[in-house]
Amino acid sequence: MATRYWIVSLPVQTSATSLWSRLQESISKNSFDTPLYRFNIPNLRVGTLDSLLALSDDLLKSNTFIEGCSHKIRRQIEDLEKVSGILASSLTVDGVPVDSYLTKFVWDEAKYPTMSPLKEIVDGIHAQVARIEDDLKVRIAEYNNVRSQLNAINRKQTGSLAVRDLSNLVKPEDIITSEHLVTLIAVVPKYSQKDWLSCYETLTTYVVPRSSKNLHEDNEYAIYTVTLFNRDADNFRTKARERGFQIRDFEYNSETQESRKQELEKLMQDQESLRSSLLQWCYTSYGEVFTSWMHFCAVRLFAESILRYGLPPSFLSVVLSPSVKSEKKVRTILEGLCGSSNSTFWKTEDEGNMGGLGGEADTHPYVSFTINLI
């Protein structure tokens, strides 16, 4: 699928049909690998010259915004499909592939009545896309919030033993808690395990002999239990810290464990549900934004063509997708169909660094702007 297209209008000297035939013939002979399509724009309401000039000032800015929203939703779809393990699908708009919607564009009269003022159509499209973008921000924030909570829990469960949650590593039978005895959890650097085993019984007076048991190890640390008299716990913590051993605060509570498990399961379900609904929303919203964007492009081409060629509207609008190596050749073909006087005029103005209508940086003797689908 081609992803970069030119939308172009050419001034009609005699008839649009003959101009279309000449263009097809020239492209076929000189750049046969360039796809070429008619871009059918209805007779829109022109309004006044002042209104067209005022509209032209806003067209480029609005196009950047709408195009940006389209790409933002597309990237979100790609990210969600990747995370969900879904095979990347070809996006569709109104049931057809994205590129087909552009190359076979048909104006939606019911949604955008052609008798409406151009500014009203443009403002309506901008407002609709703005609402969709705002909705996207809210939905992404909600999804990312759940992801952040899950990531925080996962970091606690998979990080270093010095900081991670120990609840799934320490079992009830590993802990002794009575009126006089308490079991502490020591985090011991792996290279210091022999030192720990040789000294923990003598760090303080009231340590139960041979009570230390290795529960788990990672790349950096091992965790050991040690049982001692309750009254000696604070002193043992201090002595252990002086020897480079960390005593983790830990209290086994079956209700807390179950509550954490339920919280994790709920967050995972919420994440999956939000991801699925966000993906479906993106599929739908991408279609809405893309159709709005193509109608906007039609209005833009119409307005700039009137300002460029004058009234009454008499121009041929087309869509092309030249390869990079064919671009210069296609530009020459398009220029040749504009008439020598028009071409000479725009070349002369171009040398004077005259900006294009609607804020286009490149100037040609015809209206042209680029559509990037990705």
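Note that residues are indexed from 1 along each chain, following the sequence as it is written. Owing to the predicted nature of the model, reporting of local features is limited to residues with pLDDT of at least 70; listing and counting of side-chain atom pairs is limited to 80 or more, with chain, interface and lining totals taken over all residues. Values shown for side chains rest on all heavy atoms present in the structure; no hydrogens or waters enter the calculation.

### Quick notes on the packing of helix 2 (residues 49-84) against helix 4 (residues 118-158)
Axis lines are fitted through C-alpha atoms, for helices just across the contact stretch, and the angle between N-to-C directions can take any value from 0 to 180 degrees. Think of it this way: any DSSP run of H or I at least four residues long counts as a helix, any run of E at least two long counts as a strand, and we number them from the N terminus. Where helix 2 meets helix 4, the axes come as close as 10 Å, and the angle between the chain directions of the two elements is 30 degrees. Here helix 4 runs roughly parallel to helix 2, going by the angle between their axes. Here helix 2 and helix 4 pass one another in a crossing that is left-handed. Contact residues: Leu52, Leu55, Leu59, Ser62, Phe65, Ile66, Cys69, Lys72, Ile73, Gln76, Leu80 and Val83 in helix 2; Leu118, Lys119, Val122, Ile125, His126, Val129, Ala130, Ile132, Glu133, Leu136, Ile140 and Tyr143 in helix 4. Three categories are distinguished: nonpolar for Ala, Val, Leu, Ile, Met, Phe, Trp, Tyr, Cys and Pro, charged for Asp, Glu, Lys and Arg, and polar for the others, with Gly belonging to the last. Its residues assigned to classes, the contact of helix 2 with helix 4 comprises 18 nonpolar, three polar and three charged. Throughout, the term roughly parallel applies to angles under 35 degrees, roughly antiparallel to angles over 145, roughly perpendicular to angles from 65 to 115, and oblique to all others. Two helices cross in a left-handed way if the nearer one is turned anticlockwise from the farther one by less than a right angle. They cross in a right-handed way if the turn is clockwise. Contact between two residues is taken to exist if any of their heavy atoms lie within 4.5 Å; hydrogens are not considered.

### So, the pattern of salt bridges
Salt bridge, as used here: a side-chain nitrogen of Lys or Arg that lies within 4 Å of a carboxyl oxygen of Asp or Glu. Scanning the model with the defined rule gives 13 salt bridges in all. In this structure, Lys190 and Glu217 form a salt bridge, with 3.6 Å as the shortest nitrogen-oxygen distance. Of the two residues, Lys190 is situated in the loop between strand 5 (181-189) and helix 5 (193-199) and Glu217 in strand 6 (residues 213-217); the sequence distance between them amounts to 27 residues. Note on Glu217: relative accessible area 36%, which makes it partly exposed. Close ionic contact of Arg243 with Asp195 constitutes a salt bridge, the shortest N to O distance being 2.9 Å. You can see Arg243 sitting in the loop between helix 6 (233-242) and strand 8 (246-248) and its partner Asp195 sitting in helix 5, a full 48 residues away along the chain. Under the scheme applied here, a residue whose accessible area is under 20% of the maximum for its type counts as buried, over 50% as exposed, and between as partly exposed, the area being computed with a 1.4 Å probe on protein chains only. Under the relative-accessibility criterion, Arg243 is labelled partly exposed at 40%.

### With respect to the pairing of strand 6
Strand pairing is defined by DSSP finding a minimum of two bridges between the two strands. One ladder, built from four bridges, connects strand 6 with strand 7 (residues 221-229); its direction is antiparallel. Within strand 7, the residue paired with Asn214 across the bridge is Tyr224. Joining the antiparallel neighbours strand 6 and strand 7 is a turn of three residues.

### Structural notes on the packing of aromatic side chains
Each aromatic ring pair is described using two quantities: the centre-to-centre distance and the angle formed by the ring planes. Under the pairing criterion, centres of Phe, Tyr and Trp rings, with the six-membered ring standing for Trp, must be within 6.5 Å; the plane angle then separates stacked pairs below 30 degrees from edge-to-face pairs above 60, leaving the rest tilted. Using the criterion set out here, one finds 13 aromatic pairs in the structure. With a centroid separation of 6.0 Å and 65 degrees between ring planes, the pair formed by Trp107 and Tyr112 is classed as edge-to-face. By relative accessible area, Trp107 is classed as buried at 11%. On the basis of relative accessible area, Tyr112 is assigned to the buried category, the value being 7%. With a centroid separation of 5.8 Å and 90 degrees between ring planes, the pair formed by Phe290 and Trp293 is classed as edge-to-face. Taken together, the positions of Phe290 and Trp293, both in helix 7 (residues 254-309) and three residues apart, correspond to about one turn of that helix. There is no split in this pair, since Phe290 and Trp293 are both buried.

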